[in-house]
Every structure is written in C-alpha cells, then in structure tokens.
Amino acid sequence: MSRQVVSTTNAPAALGPYSQAIISNGMVYVSGQIPINPASGEIEAQDITGQTTQVLKNLEAILVEAGSSISNVVKTTCFLDDINEWPAMNEVYAKVFHTAPPARSAFEVGKLPKNAKVEIEAIAKLN
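In this text the structure is predicted, and so the values were computed from the model without any measurement. Residue numbers run consecutively from 1 along every chain, following the written order of its sequence. In keeping with the model being predicted, local features are shown solely for residues with a pLDDT of at least 70 and side-chain atom pairs are shown and tallied solely at 80 or more, while totals for entire chains, interfaces and linings include all residues. The basis for every side-chain value is the complete set of heavy atoms in the structure, and neither hydrogens nor water enter the calculation.

Asker: Can you help me understand the nonpolar core in this one?
Answerer: Note on soluble globular proteins: their nonpolar side chains tend to be buried together. Counting 26 residues, the largest nonpolar core has V28, V30, L59, L63, M89, V118 and I120 as the members making the most contacts within it. Comment: elements are numbered from the N terminus, with helices defined as DSSP H or I runs of at least four residues and strands as E runs of at least two. Take this core: its biggest share by element is 8 residues, from helix α1 (residues 48-66). Throughout, a contact is declared for two residues whenever any of their heavy atoms are within 4.5 Å. When sequence neighbours within four positions are dropped, the list of residues in contact with L59 reads V30, S31, Q33, I120 and A122. Only buried residues count toward a nonpolar core. Its members are Ala, Val, Leu, Ile, Met, Phe, Trp, Tyr and Cys residues joined through side-chain atoms within 4.5 Å. Residue exposure (1.4 Å probe, protein chains only): buried if accessible area is under 20% of the type maximum, exposed if over 50%, otherwise partly exposed. With 6 residues, the next largest nonpolar core counts I34, I36, F79 and A116 among its residues.

Okay, here's the thing in structure tokens:
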C-alpha cells in the first residue's frame, strides 16, 4: 500500500505528530482542521460562522495540494464545542458543499485545540 504525506504552507502546520493529510490508494485523508489562519498562525474569527469559513479554506488548501478538491470530498466529520451552534456552522458548510454534499457526521465535544469552536476532517478521492 502506497502512502504519501501532504504538506502545504497554505494551511496551518500540524500542531502535533501528525500530517496535514495522507494520500493512499487514490484517496486523500485530511486531518482535522481548526480555524487557524495560516498567514498569522492564530485563530482570528471569534464566531462559529467565521471559524467554519476558515476551517473550510484550510481543508480546501490541503486538498488542492494533494491533487484533489472540495468537490471530491466523500466524507467529513465535524466536531463542535457547542452543538447549539450546528445551524450556523451548517449554513456556511452548505455554501461550500452545495451540490451532492458528502456523507457527514457531527458531534459536540468537550473542548477543541486552541479553544476552537469547530474542527472538520475530510476524506476525498484524488482528481
């Protein structure tokens, strides 16, 4: 089984011992992204709408670097620090995944890295 590490400066660097993404068998497995702006290295948005927007930009940058795209995503997992913010997160998410959206799970978790409000991981096929 082949395995290739994906890394781009257009998304935040990994915060620990993991890769931004791995390509294996024609699929891209993107690690959970939090709303860090890669230019500043900080979480700039304070609300769920802004944070979700940044997370999806980070996911897209990694997918592009891997030779894939948002339209090739087949599954996402969304982690929220407050499930009551799911409708607002979903509104932003729906703008990106508007046609044939991927399969998805969403969970409330106790706390996310850097006190983020949202984290999203994705699995996509290569172009």
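Asker: Would you mind going over the side chain of S31 with me for this structure?
Answerer: Tracing the backbone through its elements, the reader meets S31 in strand β3 (residues 27-33). Here a polar contact is taken to be a pair of N or O atoms separated by no more than 3.5 Å, where protein atoms must pair a possible hydrogen donor with a possible acceptor and residues adjacent in sequence count only if both atoms sit in side chains. Within polar-contact distance, the side chain of S31 engages the backbone oxygen of S19 at 2.6 Å.

Asker: Whenever I open this one, α1 confuses me. Can you help?
Answerer: Owing to its 3.6 residues per turn, the α-helix brings residues three or four apart onto one side. Multiplying one less than the number of residues by 1.5 Å gives the expected span of a helix. Taking 1.5 Å per residue, 19 residues should reach 27 Å; α1 reaches 27 Å between its end C-alpha atoms and fits that length. Of all the positions in α1, only I48, Q51, T52, Q54, V55, L56, N58, L59, A61, I62, L63 and A66 are classed as buried. Just past α1, the residue G67 takes up positive phi, approximately 90°.

Asker: Which parts of the structure should I look at to understand the packing of aromatic side chains?
Answerer: Two measures describe an aromatic ring pair: the distance that separates the ring centres and the angle between the ring planes. The criterion for an aromatic pair is that two Phe, Tyr or Trp rings (for Trp, the six-membered ring) have centres within 6.5 Å, with stacked assigned to planes under 30 degrees apart, edge-to-face to planes over 60 apart and tilted to the rest. For the structure shown, the criterion picks out 2 aromatic pairs. With centroids separated by 6.3 Å and ring planes inclined at 25°, the aromatic side chains of F79 and F107 adopt a geometry described as stacked. Of this pair, F79 sits in strand β6 (residues 73-80) while F107 sits in strand β7 (residues 103-108), and the two are 28 residues apart along the sequence. Ring centres 4.6 Å apart and planes at 45° place the aromatic pair Y93 and F97 in the tilted group. Under the relative-accessibility criterion, Y93 is labelled buried at 4%. In this structure F97 comes out as buried when scored by relative accessible area, which is 6%. Note that R104 overlies the ring of Y93, its terminal NZ or CZ placed 4.4 Å from the centroid. The rule is short: NZ of Lys or CZ of Arg within 6 Å of the ring centre and within 35 degrees of the ring normal puts a charge over the ring.

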